[in-house]
Amino acid sequence: MKIVACGDTHGRDKWKAIVAKELESSDKIVFIGDYFDTHDDVTPEQQLSNFNEIIEFKKANIDKVILLIGNHDFHYLSGINESYSGFQYGWSKQFNEVLESALADGLMQMCYVYDKYVFTHAGVTNTWCVTYSVNRLPNKIEDSINNLFKTNKYAFYFQMGENYSQSGNDVTQSPIWVRIPSLFRDGVDDFTFVVGHSTLKELTITDRLIGIDTLGVTGEYLVINNEKITAEMP
């Protein structure tokens, strides 16, 4: 089994070089979320066009490509009454329309699990699972999180805890918000989490966590090829 995972795109098209290199030899290609909002010189038009291209890529490789949801996608969804840094009010309607269409077509999800690897935008804590009755068994956690997103989007809101962290560094936070220190402290046992969300100087691999939000820094992406885990360049 060969899995390729791309970090937060934020409108960047660096994923194209990755999939050009890896598509034929990979079994799964995972996008870790955050398709919108940017600190780079990427226009809203480019962000929208890039996301539409990702959606078309998913449709053309429906069983191979996994599109996860990030916090910078979540705040554009219908009925979400909070917004985060970088929210683009003037483009929120257009972003909402394409995201809602993708969700209606079953093209996006909150969680993907293979073996011991749990792919979400930010990670999964025991505290959050207990709060929302998420089943933490290895063969249940993916469906439990994805079904919760369909039935109770409030569970994925920003949820401040005892740290009062404005950036999400609390064990109470959801799989689109929790930060790496809290994930190390309270991540669900016996899994290795593959996450974006927290920008890193380089792709970081540990037994408990693999941080891949590096597309805008080094350009690295992740390859899990059976038990071999590597950071690769396009």
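Up top is the structure these notes are about.
Here the residue numbering is sequential within each chain, running from 1 through the sequence in written order. At least 70 in pLDDT is required for a residue's local features to be given in this predicted model, at least 80 for side-chain atom pairs to be given and counted, and no such filter applies to totals for whole chains, interfaces and linings, which use all residues. Values reported for side chains reflect all heavy atoms of the structure, with hydrogen atoms and water molecules removed beforehand.

> Mind laying out the side chain of serine 26, listing which residues take part and the relevant values?
Secondary structure elements follow DSSP: runs of H or I no shorter than four residues count as helices, runs of E no shorter than two count as strands, and numbering proceeds from the N terminus. Assignment of secondary structure puts serine 26 in the loop between helix 1 (15–22) and strand 2 (28–31). Throughout, exposure labels follow a simple rule: accessible area from a 1.4 Å probe, protein chains only, divided by the maximum for the residue type, with under 20% read as buried, over 50% as exposed, and the rest as partly exposed. By relative accessible area, which is 3% here, serine 26 ends up buried. A polar atom in the side chain of serine 26 sits 2.9 Å from the backbone oxygen of glutamate 22. Two N or O atoms count as a polar contact when they lie within 3.5 Å, although within protein this holds only if one can serve as hydrogen donor and the other as acceptor, and sequence-adjacent residues are included solely when both atoms are side-chain atoms. A polar contact is formed between the side chain of serine 26 and the backbone oxygen of leucine 23, at a distance of 3.3 Å. Contact criterion: two residues are considered in contact whenever any of their non-hydrogen atoms come within 4.5 Å of each other. Not counting residues within four places of it along the chain, the set of residues in contact with serine 26 comprises Lys2, Val4 and Lys64.

> Give me the lowdown on the packing of helix 2 (residues 44–60) against helix 4 (residues 92–104), citing residues and values where you can.
Interaxial distance between helix 2 and helix 4 falls to 11 Å at its minimum, and their mutual angle equals 10°. What the angle tells us is that helix 2 and helix 4 run roughly parallel. The segment helix 2 lies against helix 4, with Pro44, Gln47, Leu48, Phe51, Asn52 and Ile55 engaging Gln94, Phe95, Val98, Leu99 and Ala102. Along the lines of polarity and charge, the residues of the contact of helix 2 with helix 4 split into eight nonpolar, three polar and no charged. Axis definition: a line fitted to C-alpha atoms, over the contacting stretch in the case of helices. Angles run 0 to 180 degrees between N-to-C directions. Roughly parallel means an angle under 35 degrees; roughly antiparallel means over 145; roughly perpendicular covers 65 to 115; every other angle is labelled oblique. Amino acid classes used here: Ala, Val, Leu, Ile, Met, Phe, Trp, Tyr, Cys and Pro are nonpolar; Asp, Glu, Lys and Arg are charged; the rest, including Gly, are polar.

> A description of the sheet that holds strand 8 (residues 209–211) should follow, citing residues and the corresponding values.
The strand order across the open sheet built from five strands is 4-5-6-8-7, with neighbouring strands paired in mixed fashion. Both edges of this open sheet fall to strand 4 (112–114) and strand 7 (204–205), since each of them pairs with a single strand only. Strand pairing is assigned whenever DSSP identifies at least 2 bridges connecting the two strands. Two elements, strand 5 (residues 117–119) and strand 6 (residues 192–195), share three bridges in a ladder whose sense is parallel. Residue pairing in the sheet places tyrosine 117 in a bridge with threonine 192 of strand 6.

> So what about helix 4? Which residues, and what values?
Here helix 4 is 13 residues long and its end C-alpha atoms lie 18 Å apart, about the 18 Å a rise of 1.5 Å per residue gives. Of the positions making up helix 4, those classed as buried are Phe95, Asn96, Val98, Leu99 and Ala102. For helix 4, the secondary structure elements touched by its buried residues are helix 2 and helix 3 (71–74). Expected span, for any helix, means 1.5 Å times one less than how many residues it has.

> Can you tell me about the sheet that holds strand 1 (residues 2–6), naming the residues and giving the values?
Taken together, the five strands give an open sheet; going across it, the order is 3-2-1-9-10, and neighbouring strands pair in mixed fashion. Each of the sheet's edge strands pairs with one partner strand only, and the pair in question is strand 3 (65–67) and strand 10 (228–232). Direction aside, the axes of adjacent strands within the sheet are offset by 20° on average. Pairing of strand 2 with strand 3, which is carried by three bridges, proceeds in the parallel orientation. Residue pairing for strand 3: isoleucine 29 is matched across the bridge by valine 65. Strands strand 2 and strand 3 of the sheet are contacted by helix 2, whose axis makes an angle of about 140° with strand 3.

These figures come from the coordinates and say nothing about function on their own.
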